[in-house]
Number of protein chains: 2
Amino acid sequence: MRARRTGRRPGNPDTREAILDAARAAFAERGFDAASIRAIAAAAGVDPALVHHYFGTKEELFRATVAIPLDPAELLPAVLAAGPDQVGERLVRTFLKVWDSPVGAAGLALLRSAVNNEWTARLLREFLVTQVLRRVVEHLDVDPAERALRGGLVASQLAGLIMTRYVIRIEPIASAAPDTLVTAIGPTLQRYLTAPLPPPNPS
Amino acid sequence: MRARRTGRRPGNPDTREAILDAARAAFAERGFDAASIRAIAAAAGVDPALVHHYFGTKEELFRATVAIPLDPAELLPAVLAAGPDQVGERLVRTFLKVWDSPVGAAGLALLRSAVNNEWTARLLREFLVTQVLRRVVEHLDVDPAERALRGGLVASQLAGLIMTRYVIRIEPIASAAPDTLVTAIGPTLQRYLTAPLPPPNPS
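Residues numbered from 1 in each chain as written. Chains lettered and ligands numbered in written order. Predicted model: local features only at pLDDT ≥ 70, side-chain atom pairs only at ≥ 80, totals over all residues.

Peer 1: I'm lost on the overall build of chain A in this one. Help?
Peer 2: Across its full length, chain A carries 10 helices and zero strands. Going from N to C terminus, chain A has its helices and strands arranged as α-α-α-α-α-α-α-α-α-α. With the C-alpha coordinates of chain A rotated into their principal frame, the extents come out at 70 × 35 × 35 Å. When each of the 203 residues of chain A is scored for burial, the buried share is 39%. Counting contacts in chain A only where the partners sit at least 6 residues apart, residues at least 24 apart contribute 63% of the total. (Helix = DSSP H or I, 4+ residues; strand = E, 2+ residues; numbered from the N terminus. Buried ≥ 20, exposed ≤ 12 C-beta atoms within 10 Å, placed from the backbone. Contact = placed C-beta atoms within 7 Å.)

Peer 1: Help me understand the interface of chain A and chain B in this model?
Peer 2: It is common to give the size of an interface as the accessible area that goes away when the parts come together. The partner chain B presents 41 residues to the 40 residues of chain A that form the contact. Secondary-structure elements contributing two or more residues to the side of chain A that touches chain B are helix H7 (103–116), helix H8 (118–137), helix H9 (147–167) and helix H10 (178–194) of chain A. At 14 residues, H9(A) tops the list of elements feeding residues into the side of chain A that touches chain B. Here the residues of the side of chain A that touches chain B sort into 25 nonpolar, 10 polar and five charged. (Nonpolar A, V, L, I, M, F, W, Y, C, P; charged D, E, K, R; others polar.)

Peer 1: I'm lost on H7(A) in this one. Help?
Peer 2: Given 3.6 residues per turn, any residue in an α-helix points the same way as the ones three and four places further on. The end-to-end C-alpha distance of H7(A) is 21 Å, a good match for the 20 Å that 14 residues give at a rise of 1.5 Å each. For H7(A), the elements touching its buried residues are helix H6 (87–99), H8 and H9 of chain A together with helix H7 (103–116) and helix H9 (147–167) of chain B. (Expected span 1.5 Å × (residues − 1).)

Right, dumping it as structure tokens:
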């Protein structure tokens with residue numbers, strides 16, 4: 001009987017890297033939804049079962065490719081707990097808690113890479129859309145046809161909060177207490193998520 | 001004694017433009033760090049010494065490439081023309097017009113470099129704060145003590161709009177008609193600029 005390649009250990013480093021490389025390419029080129037474990041395994045020259053063995057679910061594999069050591073789904077209950085009227089403020093508060101923690105360094109590394117690399121930008125986009133934004137908006141009682149725009153608007157404010165607080169460091173945003181930012185920016189996200197979206201107003 | 005190429009004048013306008021065009025392209029494609037005077041000079045068909053003669057250091061050349069197409073003072077009248085209640089929408093509209101024009105490439109080069117280079121981040125921050133935000137808020141009838149926070153909040157939304165529309169390209173933000181974004185985001189800037197800023201609300 002031939003020996004298993006790696007037993008229960010986290011796996012052969014070369015095989016892990018080959019899978020991660022194939023996964024990055026698949027997620028960037030085809031998007032999270034269309035990328036399949038089967039195709040990723042084929043590209044890496046391994047059995048699909050080995051991909052699951054090393055990395056778990058497709059979501060977990062995706063998080064490994066972008067090196068984000070946090071499942072955004074775990075934060076969702078805290079964001080939704082106080083009811084739909086509080087989602088905006090809760091979202092800012094939770095977001096800042098994550099970015100002010102060691103996880104923020106991983107997020108910043110991803111952002112820095114994405115800004116100068118189209119391929120990483122696609123991975124970041126897929127991550128934000130499928131792992132963060134979609135999960136927030138699908139829990140809200142809004143027209144499904146508006147969800148993508150609402151999610152995109154939320155992303156536009158949160159991405160800029162990251163840029164001004166952690167990258168460009170514009171004061172007083174960079175040094176502001178979380179409460180100040182929650183109070184100022186929470187209502188923006190609340191409006192983007194649940195208020196009526198006015199039709200375009202040509203002028 | 002041999003004649004100086006250009007004397008003390010600012011230089012041949014066509015040559016200056018050729019150098020600036022090459023510099024913008026180089027900075028946009030490779031970022032500030034990787035772009036070289038030598039390569040910019042080669043692309044413009046001039047001697048590297050001439051680039052230094054016209055523009056000084058690479059830093060000065062870089063400031064020239066972003067300062068000329070993005071002189072915000074020229075845009076301010078259009079932003080303020082419709083009165084203080086329209087500043088939010090006018091600001092988004094003017095901002096998008098600039099970023100959707102060829103000038104956007106220069107802004108994107110500055111942003112890309114700023115994300116990975118602390119020195120350029122400072123340059124971008126100084127540019128945003130002193131040339132853009134301060135000029136907008138100083139024309140509004142708001143408490144001077146609140147101006148920096150209001151300007152920073154505006155920056156947080158506009159920087160994120162750039163990120164989601166032009167860098168990460170999240171749909172439908174990336175492809176949205178300007179009117180859609182003006183209608184959705186204008187009220188956010190209006191609130192940041194002129195609405196009462198609620199005190200922090202600890203929870």
